[in-house]
Amino acid sequence: QVQLVESGGGSVQPGGSLRLSCVVSGRADRRGGRMGWFRQAPGKEREGVAGINMDWGGTGYLDSVKGRFTISRDNAKNTVYLQMNSLKPEDTAMYYCALDLDVRGDWASVASFQYWGQGTQVTVSS
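Treat the numbers as computed from the prediction; the structure is a model and nothing was measured. (Residues numbered from 1 in each chain as written. Predicted model: local features only at pLDDT ≥ 70, side-chain atom pairs only at ≥ 80, totals over all residues. Heavy atoms only, no water.)

Draft legend 1. Spotlight on the nonpolar core. Judged by nonpolar contacts, the single largest core of 26 residues is most densely connected at Leu4, Met35, Trp37, Phe69, Leu82, Met84 and Tyr95. Those elements giving two or more residues to this core turn out to be strand E3 (18-25), strand E4 (34-40), strand E5 (47-53), strand E7 (69-74), strand E8 (79-84), strand E9 (93-100) and strand E11 (120-124). The residues touching Tyr95, leaving out its near neighbours within four places in the chain, are Glu6, Leu20, Trp37, Phe38, Arg39, Val49, Phe69, Leu82, Met84, Gly119, Thr120 and Val122. (Core = buried A, V, L, I, M, F, W, Y, C linked by side-chain atoms within 4.5 Å. Buried < 20%, exposed > 50% of the residue type's maximum accessible area, 1.4 Å probe, protein only. Helix = DSSP H or I, 4+ residues; strand = E, 2+ residues; numbered from the N terminus. Contact = heavy atoms within 4.5 Å.)

Draft legend 2. View of the pattern of salt bridges. Tallied over the entire structure, the rule returns five salt bridges. Residue Arg68 pairs with Asp91 through a salt bridge whose shortest N-O separation is 2.7 Å. Here Arg68, found in the loop between strand E6 (59-61) and E7, pairs with Asp91, found in the loop between E8 and E9; they are 23 residues apart in sequence, far enough to count as distant. The burial state of Arg68 is the same as that of Asp91; both residues are buried. One connected set of salt bridges, linked through shared partners, spans Arg39, Glu47, Arg68 and Asp91. (Salt bridge = Lys/Arg side-chain N within 4 Å of Asp/Glu carboxyl O.)

Draft legend 3. Spotlight on the environment of Ser17. With respect to the helices and strands, Ser17 occurs in the loop between strand E2 (10-12) and E3. Separated by 52 residues in sequence, Ser17 and Phe69 place their C-alpha atoms 9.5 Å apart. Apart from the residues lying within four places of it in its own chain, the contact partners of Ser17 are Val12, Gln83, Met84, Asn85, Ser86 and Leu87. A polar side-chain atom of Ser17 sits 2.9 Å from a polar atom in the side chain of Asn85. (Polar contact = N/O pair within 3.5 Å; in protein donor to acceptor, adjacent residues only side chain to side chain.)

Draft legend 4. Local environment of the sheet that holds E3. Strands sit in the order E1-E3-E8-E7 across an open sheet of four strands; the sheet is antiparallel. What marks the edges here is a single partner per strand, and that holds for strand E1 (3-7) and E7. The sheet shows a mean angle of 15° between the axes of neighbouring strands, direction not considered. Two elements, E3 and E8, share six bridges in a ladder whose sense is antiparallel. The partner of Ser21 across the bridge, within E8, is Tyr81. (Pairing = 2+ DSSP bridges. Axes fitted to C-alpha atoms, helices over the stretch in contact; angles between N-to-C directions.)

Draft legend 5. Spatial organisation of the state of the cysteines. One pass over the structure, following the stated rule, counts one disulfide. Here Cys22 pairs with Cys97 through a disulfide, and the sulfurs are 2.0 Å apart. Its torsion about the S-S bond being 55°, the disulfide of Cys22 and Cys97 is classed as right-handed. With a gap of 75 residues between them, Cys22 in strand E3 and Cys97 in strand E9 connect regions that are remote in the sequence. Overall, the relative accessible area of 0% leaves Cys22 in the buried class. (Disulfide = S-S within 2.5 Å.)

Below is the structure:
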């Protein structure tokens with residue numbers, strides 16, 4: 001059974017940094033695919049923040065986080081990271097990691113991903 005567990009969320013002041021981690025277990029021989037970080041603020045839809053192809057490392061980002069957030073992977077540890085710098089209050093949300101083994105649709109689409117973590121809260125306020 002595939003499981004994703006996020007960690008690293010917390011409360012920071014504007015301009016601060018956080019690094020989120022997502023550990024994937026239970027994949028057995030199902031390698032490759034892509035992983036994404038999504039976020040959902042109260043009253044808003046879940047949106048794709050960053051995605052990464054686990055094979056060749058190609059990445060994609062939400063426009064509002066480009067230059068501030070960096071997604072990376074460590075295949076040996078089955079872990080994906082989201083380094084978040086220059087955080088803003090509008091980045092406040094529950095952050096989720098997700099796994100897509102099919103790699104067919106848009107990386108930023110919730111519907112493209114088959115497995116999800118439980119989320120980790122990020123709060124940016126002064």
